[in-house]
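Okay, here's what each chain looks like letter by letter:
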Amino acid sequence: MRKKVIAGNWKMNMLPDAAIRFIDELTPLVKDTQNEVVLCVPYTDLFYALLSAQNTNIKIGAQNMHWEESGAYTGEVSGQMLKTIGVEYVIIGHSERRQYFAETDETVNKKLKAAFKYGLKPIVCVGETLEQREEGKAKEIVTMQIEKDLEGLTEEQVSNTIIAYEPIWAIGTGKTATSEDANEMTKTIREKISNIYGQNIANGVIIQYGGSVKSSNAKELFSMSDIDGGLVGGASLKSDEFAKIVNYN
Ligand code: 13P
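Residues numbered from 1 in each chain as written. Predicted model: local features only at pLDDT ≥ 70, side-chain atom pairs only at ≥ 80, totals over all residues. Heavy atoms only, no water.

(A) Looking closely at helix α2 (residues 43–52). Among all positions in α2, only Asp45, Leu46, Ala49, Leu50 and Ser52 are buried. Looking straight down α2, one finds that the buried residues subtend no more than 155° of arc, so they occupy a single side. For α2, exposure combined with an orientation more than 90 degrees from the buried face picks out Thr44 and Phe47. Along its buried surface, α2 packs onto α1 (16–30), β3 (58–62) and α3 (79–85). (Buried < 20%, exposed > 50% of the residue type's maximum accessible area, 1.4 Å probe, protein only. Helix = DSSP H or I, 4+ residues; strand = E, 2+ residues; numbered from the N terminus. Arc of directions from axis to C-beta. Contact = heavy atoms within 4.5 Å.)

(B) Up close: a nonpolar patch on the surface. On the surface, Phe47, Tyr48, Leu51 and Ile85 cluster together to form a nonpolar patch covering roughly 390 Å² of accessible area. Among the structural elements, Leu51 can be located in helix α2. (Patch = residues over 30% accessible without salt bridge, like charges linked within 9 Å, V, L, I, M, F, W, Y side chains within 5 Å. Areas by Shrake-Rupley, 256 points an atom, 1.4 Å probe, with all protein chains shown as cover. Salt bridge = Lys/Arg side-chain N within 4 Å of Asp/Glu carboxyl O.)

(C) View of the site of the ligand. Close to the ligand lie Asn9, Lys11, His94, Glu166, Ala170, Ile171, Gly172, Gly211, Ser212, Leu231, Gly233 and Gly234. Note that an oxygen atom of the ligand is positioned 3.0 Å from one of the side-chain N or O atoms of Asn9. At a separation of 2.8 Å, an oxygen atom of the ligand approaches a polar side-chain atom of His94. Burial of the ligand by the protein amounts to 95% of the accessible area it has alone, namely 310 Å². Here the shell around the ligand is composed, by residue class, of three nonpolar, seven polar and two charged. (Near = heavy atom within 4 Å. Polar contact = N/O pair within 3.5 Å; in protein donor to acceptor, adjacent residues only side chain to side chain. Nonpolar A, V, L, I, M, F, W, Y, C, P; charged D, E, K, R; others polar.)

(D) Representation of the side chain of Ser52 in the model. One can find Ser52 in helix α2. The residues touching Ser52, leaving out its near neighbours within four places in the chain, are Ile20 and Ile23.

Below is the structure:
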């Protein structure tokens, strides 16, 4: 039985005082859940969030990292830096980074390997654009991303990679993929992993859905056979709404 992982992605939102308040409010609301609760916060909130989440079941993640350990990379933050302050998770290859910051499958692959080197748990994002979906290429695009992003990882690393299927047309648009569609895509991803790494590994990999998840659709989505929780953007900015998503079951 795969665990459900419900992760909030705050994107470029929330000042430290709001982050601390959010975690203080969320803590009692999610303390009894069996689901894994993760908040991926801006770099400037990490330290405050880690302190606020101490002695709770809330895990803290970053939204990006560089693949090198240190060096002349102005403005970047390394996996080692994240790990050293106690960060547990890191989002890699979010579509907004692919779209606005020239992230490619190659850099995603490097970052993924670096995340494992420093003991971080990666959440790797894949997903197709509306145009690609309308051209009937969604499965082709997403399986290609999986192949390139995971290239060269060991079986153990693949087992510990969380994949977030986030159709780009569903992000921040209020348009959610139907639960059947989302499940079919997550199944396709699992099949691809099975083809490369075998059925056993594929059966254990956590695959989330992301794109306009909210408390009113979380149960339907997360109850599907191959959807193991979600990566939640806008609806993760309000503690009561996010708590409802975490406690969907
Ligand atoms: P929304 O939930 O706001 O659509 O964002 C999804 C997302 O990009 C999470 O990473």
